[in-house]
Structures are given as structure tokens and as C-alpha cells.
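Single-letter residue listing:
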Amino acid sequence: MTFRLGHGTRQNLRGCHPTILELAELVITRTTVDFCVIPGGGFRSKQQAENNAKRGTGVLTSRHLTGDAIDFVAFVDGKPSWELKHYGPLMECVYECADELNFLFVHGADWNCNGKLGEAGTKEWDWPHIQRPWPWQVAKAEAAAARRKAEREPVVKKKKARKKKAKKPELSPDITPGINPEDMSDDGFSSPAVEGVE
């Protein structure tokens with residue numbers, strides 16, 4: 001099934017960095033889990049940030065304030081869903097698309113960029129959140145992107161190896177396919193051995 005960005009999501013992405021928009025446009029064409037961007041889940045006003053901070057659902061230094069973040073909220077059965085089971089496949093698609101676009105990011109479920117999502121004892125709870133890294137996060141984001149690329153390369157190499165194995169073996173020009181060279185007569189024409197006939 002192919003999804004498309006809804007009107008509300010497009011509205012909520014206004015003011016976001018162009019790379020955020022490009023990422024959202026690519027993800028929506030490839031994801032198996034639909035998503036939406038709720039108000040404040042793209043560009044966020046200072047008032048929205050203050051309200052979220054009061055409720056304990058955001059911070060006043062959010063990258064959303066500069067248009068450098070997006071919350072990919074799973075959209076299931078016609079409404080936003082916060083069930084974690086939807087975020088595995090959705091975020092896997094986000095990661096693949098971001099890497100394809102060479103878009104460096106930090107994921108809210110992996111703030112330290114070590115590849116271990118939602119680690120116990122950390123504040124890595126913001127599964128929908130993807131942001132352009134702060135300057136001090138760039139090196140970690142680059143290392144995470146390189147690690148993901150290296151992890152995917154063996155899969156690509158295996159696929160190529162399977163294709164190579166599927167190729168027919170090359171034949172020597174003096175051997176005709178399906179003919180056993182031992183069954184050839186001295187004149188080079190095939191003369192299959194038949195019992196009792198010489």
C-alpha cells in the first residue's frame with residue numbers, strides 16, 4: 001500500500017528545514033506504516049514548546065523551534081498511535097531513507113547514537129523524533145551513519161553473491177552443452193553409446 005502526506009501533515013511541516021521535508025516525502029513513499037506529523041511535530045512555536053514543557057512532553061531547547069526536527073507519528077486506523085510495535089518498521093524505513101539521502105540525524109530513541117534504541121536507564125524514550133544534529137552531535141551522527149552502512153553492506157554483498165551463483169557456468173568453446181565429451185567419436189560428431197552397437 002502506498003501512502004501520501006496528508007494536508008495536516010504538510011501544514012505542520014511548514015517552516016521545517018528542506019532536508020526534513022525531503023526525508024518525509026521519501027519515507028511516505030516507502031513505509032509500510034503510515035505516519036502523520038501532529039501540530040508542533042515539525043516546526044514548533046515558542047508558545048507550543050512552553051506548553052509542552054509544562055506538560056512534561058517537550059523541552060524549551062527543542063530542535064523543533066528551529067525547524068530542524070520532525071516527529072514521525074504512526075497513523076493507524078485513522079488516528080495517531082503511540083504503540084511501540086508500529087515504530088520498529090516505521091523507523092527502520094526512516095533510517096534507510098535518511099541514509100540514502102545522506103541526511104545526518106539523531107533519533108530520540110538513540111540520543112547517544114550507539115545504535116541501541118530505547119536503552120533502559122536513559123532518556124531515550126522519544127521514538128517518533130528525528131532531528132538534525134546539534135554541532136556537538138555531528139561526529140556521533142556520522143559514526144552512527146557509517147555503522148548502519150557497514151551493517152547493511154553484507155546484505156548487499158550476499159544478494160550480489162546469490163546473483164553470481166545463479167549464473168550459468170561458462171563453457172569451453174570446444175564443448176557442446178548437454179554432450180559428454182567421452183561420448184564423442186573421433187571425428188567430433190556425437191555418437192552416443194548404445195549397448196550391442198559398435
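Just above sits the structure.
Only a predicted model underlies this, so the values are computations on that prediction, with no experimental measurement involved.

Before going further, it helps to spend a moment on the sheet that holds strand β2 (residues 69-71). Spatially, the three strands line up as an open sheet ordered β2-β6-β5, and their pairing is antiparallel. With partners counted over all chains shown, the strands left at the sheet margins are β2 and β5 (106-107), one partner each.

For the rest of this paragraph, the subject is the packing of aromatic side chains. By the definition in use, this model includes four aromatic pairs. Measuring from centroid to centroid gives 4.9 Å for F35 and F72, while their planes differ by 70°, and the two rings are edge-to-face. Placement of the pair is F35 in strand β1 (residues 35-36) and F72 in the loop between β2 and β3 (73-76), with a sequence separation of 37 residues. Seen from their ring centres, F103 and F105 are 6.4 Å apart, and the 15° between their planes marks the pair as stacked. F103 sits in the buried class, given a relative accessible area of 7%. For F105, a relative accessible area of 4% puts it in the buried group. The structure contains a cluster of three or more aromatic residues connected by ring pairs, namely Y95, F103 and F105.

For an α-helix the count is 3.6 residues per turn, leaving residues at separations of three or four pointing the same way. Taking 1.5 Å as the rise per residue, helix α4 (residues 87-100) with 14 residues should run 20 Å; its terminal C-alpha atoms sit 19 Å apart, in good agreement. Count one or two residues on from α4 and you reach N102, which has phi positive near 55°.

With respect to the element layout, T57 can be found in the loop between α3 (46-55) and β2. A residue is classified by how much of its surface remains accessible, and T57, at 43% relative accessible area, is partly exposed. Here the alpha-carbon distance between T57 and D126, two residues 69 residues apart in the chain, equals 9.5 Å.

This part is about the pattern of salt bridges. Under the counting rule described, the total for this entry stands at eight salt bridges. Among the salt bridges present, the one from D68 reaches R63, with a minimum N-O distance of 3.7 Å. By relative accessible area, which is 8% here, D68 ends up buried. Among the ionic pairs, R152 bridges to D99, the shortest N-O distance being 2.4 Å. Highlighted residues: R152 in helix α5 (residues 138-166) and D99 in helix α4, separated in sequence by 53 residues. For R152, a relative accessible area of 30% corresponds to the partly exposed category. On the basis of relative accessibility, which here comes to 16%, the residue D99 falls in the buried class. One connected set of salt bridges, linked through shared partners, spans R63, D68 and R132.

Reading the values: rules and limits
Residues numbered from 1 in each chain as written. Predicted model: local features only at pLDDT ≥ 70, side-chain atom pairs only at ≥ 80, totals over all residues. Heavy atoms only, no water. Pairing = 2+ DSSP bridges. Helix = DSSP H or I, 4+ residues; strand = E, 2+ residues; numbered from the N terminus. Phe/Tyr/Trp six-rings, centres within 6.5 Å; stacked < 30°, edge-to-face > 60°. Buried < 20%, exposed > 50% of the residue type's maximum accessible area, 1.4 Å probe, protein only. Expected span 1.5 Å × (residues − 1). Salt bridge = Lys/Arg side-chain N within 4 Å of Asp/Glu carboxyl O.

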